[in-house]
Amino acid sequence: MNKFTAALKRLSDSGVNFVLIGGYAARLHGSAYVTQDLDICYERSVSNFRSLSVALAPLHPRLRGAPDNIPFVLDEKTLSQGMNFTLETDLVDLDLIGEVSGIGQFPQIVDTAVSIELGGINYKVASLEALIRSKRAAGRPKDLNLLPELEAIEELAKIRDKKD
Amino acid sequence: MRANRSKALKTIAYDAAVRYNRELMTREEQVRLYNLVQNPPPGSKIEAAKNFGIDLTLNLRLLSLTPAERAEEMQCALDFITELEHAGRHPRK
């Protein structure tokens, strides 16, 4: 098990409601993009804040790139008061996204998510169409640079699945 | 009747899920997509990606793998990058 699947398994085992998004999700759909972090869109509910903080506590989550002397505790209160968190953990760099550009929050993104099996566990992964929409909406050069590849994959997959 | 229809729908959904998780292409599909990547239809997204500089043969290969295999390949690439970084920091004399 690699560090990404280990982190995902931890979240799943702790009952965290989330959808995989970002570069890792793009990779699962067939992109050649290589990413060093894991992006998830998490459900913003009190019970999920609890599950998330319990799941991540053993991995010592801290604010990525922040000086060591800045106090930070990822608990239910912190999660309820913020929206997006860019974290460093003992396993992986992890981005917790409460709202995805162009899509919305967990209920909207889970609606069109697909189920993908990794290491015997089925995870919800943002659909290719949702990833394209979010990249376009984000509009940053790094997002826009991914668009031609994702759109071509979508077209290739449609052609492949088309019955003659 | 309704039970049969429900069973049929479940079977279709199951087949789609299995296909999604395996994503293994038939030889025929591979040839068709390879030809498309080599000679993309004018105005297509495939053509746009090619003109943008994307090597879609990489994506074709990845599409013939399962999502888990795609993730595993990325991990290998990251491990290699880490090794290179380490070697760069600790060059041999």
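Position numbers for residues start from 1 in each chain and track the written sequence from start to end. Ligands are numbered from 1 and chains lettered from A, in the order in which they are written. The predicted nature of this model means local features are confined to residues of pLDDT at least 70 and side-chain atom pairs, given and counted, to a pLDDT of 80 or more, with totals for whole chains, interfaces and linings taken over all residues.

## Description of the environment of Leu59(A)
All names here are of chain A. How we decide: Secondary structure elements are taken from DSSP: a helix is a run of H or I of four residues or more, a strand is a run of E of two residues or more, and numbering for both begins at the N terminus. What counts as a contact here is a pair of residues whose C-beta atoms, placed from the backbone, lie within 7 Å.
On the secondary structure map, Leu59 appears in the loop between helix 3 (46–56) and strand 3 (62–63). Between the C-alpha atoms of Leu59 and Gln108, which are 49 residues apart in sequence, the distance is 29 Å. Setting aside residues up to four positions removed in sequence, Leu59 forms contacts with Thr89, Asp90 and Leu91.

## Notes on unusual backbone geometry
Comment: phi is negative for the bulk of residues other than glycine, and the bulk of peptide bonds are trans. Even without being glycine, His60(A) reaches a positive phi, approximately 50°. The topology assignment puts His60(A) in the loop between helix 3 and strand 3.

## Thoughts on the nonpolar core
Rules: Put simply, a nonpolar core is buried Ala, Val, Leu, Ile, Met, Phe, Trp, Tyr and Cys residues tied into one set by C-beta atoms within 7 Å. Buried, partly exposed and exposed are defined by the number of other C-beta atoms within 10 Å of a residue's own C-beta, namely 20 or more, between the two limits, and 12 or fewer respectively, with C-beta atoms placed from the backbone.
Ranked by size, the top nonpolar core spans 61 residues in total, and within it Val19(A), Ile40(A), Cys41(A), Val125(A) and Ala126(A) carry the most contacts. Once you skip the residues sitting within four places of it in the chain, Val19(A) turns out to touch Ile40(A), Cys41(A), Phe106(A), Ile109(A), Val110(A), Ala113(A), Lys124(A), Val125(A) and Ala126(A).

## Side note on the pairing of strand 6 (residues 114–118) of chain A
All names here are of chain A. Put simply, the test is: Note on pairing: DSSP must find at least two bridges between two strands before they are called paired.
Burial along strand 6 is one-sided: the face carrying Val114, Ile116 and Leu118 is buried and the face carrying Ser115 and Glu117 is not. Summarising the sheet, strand 6 and strand 7 (residues 121–125) pair through five bridges and their orientation is antiparallel. Counterpart to Glu117 in the pairing with strand 7 is Asn122. Counting the residues in the hairpin turn of strand 6 and strand 7 gives two residues, including Gly119, whose phi is positive at 55°.

## Description of the interface of chain B and chain A
What counts here: Three classes are used, and their members are as follows: Ala, Val, Leu, Ile, Met, Phe, Trp, Tyr, Cys and Pro are nonpolar, Asp, Glu, Lys and Arg are charged, and the others, Gly among them, are polar.
Of the residues lining the interface, 27 residues belong to chain B; the matching set on chain A comes to 24 residues. Going through the elements one at a time, helix 1 (2–22), helix 2 (27–38), helix 3 (45–52), helix 4 (56–63) and helix 5 (67–89) of chain B are the ones with two or more residues in the side of chain B that touches chain A. The leading source of residues in the side of chain B that touches chain A is helix 5 of chain B, at eight residues. A per-class count over the side of chain B that touches chain A returns 20 nonpolar, four polar and three charged.

## Quick look at helix 3 of chain B
Basically, it comes down to this: This arc is built from the directions going out from the helix axis to the C-beta atoms.
Of the positions making up helix 3 of chain B, those classed as buried are Lys45(B), Ile46(B) and Ala49(B). Seen end-on, helix 3 of chain B carries its buried residues on one side only, within an arc spanning 105°. Looking at the buried residues of helix 3 of chain B, the elements they touch are helix 8 (147–161) of chain A together with helix 2 and helix 4 of chain B.

## Points about helix 5 of chain B
Note the threshold: The span you would expect from a helix comes to 1.5 Å times its residue count less one.
With 23 residues, helix 5 of chain B ought to run about 33 Å at 1.5 Å a step, and its terminal C-alpha atoms sit 33 Å apart, in line with that. Among the residues making up helix 5 of chain B, those that are buried are Pro67(B), Arg70(B), Ala71(B) and Met74(B).

## Structural notes on the environment of Leu94(A)
Note that Leu94(A) resides in strand 5 (residues 93–97). Leu94(A) sits 31 residues away from Leu63(A) along the chain, and the two C-alpha atoms are 9.8 Å apart.

## Observations regarding the packing of helix 2 of chain B against helix 4 of chain B
Residue and element names in this part refer to chain B. Stated formally: Axis lines are fitted to C-alpha atoms, over the contacting stretch for helices. Their N-to-C directions set the angle, which ranges from 0 to 180 degrees. Relative orientations are named as follows: roughly parallel for angles under 35 degrees, roughly antiparallel for angles over 145 degrees, roughly perpendicular for angles from 65 to 115 degrees, and oblique for any other angle. Handedness of a helix crossing follows the sense of rotation of the near helix relative to the far helix, less than a right angle counterclockwise being left-handed and clockwise being right-handed.
Between helix 2 and helix 4, the least distance of the axes is 10 Å, while the angle of their chain directions is 165°. Taken together, helix 2 and helix 4 sit at an angle that is classed as roughly antiparallel. Like other packed secondary-structure pairs, helix 2 and helix 4 cross with a definite hand, here right-handed. Residues Leu33, Tyr34 and Val37 of helix 2 form the contact with helix 4, whose own contacting residues are Leu56, Thr57 and Leu60. Split by residue class, the contact of helix 2 with helix 4 holds five nonpolar, one polar and no charged.

## Some words on the confidence of the model for chain B
Residues and elements named next belong to chain B. Our working definition: Values of pLDDT, ranging from 0 to 100, describe the predictor's confidence in every residue of the model.
The predicted model of chain B has a mean per-residue pLDDT of 81, with 73% of residues at 70 or higher. Across chain B, the element-wise mean pLDDT spans from 53 in helix 1 up to 96 in helix 3. Overall fold confidence (pTM) sits at 0.86, and the ipTM for the predicted complex is 0.86.

## A short note on the packing of helix 8 of chain A against helix 3 of chain B
Direction vectors running N to C along helix 8 of chain A and helix 3 of chain B enclose 145°, while the axes themselves pass 8 Å from each other. In this structure, helix 8 of chain A meets helix 3 of chain B at a crossing whose hand is left-handed. Between helix 8 of chain A and helix 3 of chain B, the residues in contact are Pro148(A), Glu149(A), Glu151(A), Ala152(A), Glu155(A) and Leu156(A) and Lys45(B), Ile46(B), Ala48(B), Ala49(B) and Phe52(B), respectively. Grouping the constituent residues of the contact of helix 8 of chain A with helix 3 of chain B by class yields seven nonpolar, no polar and four charged.

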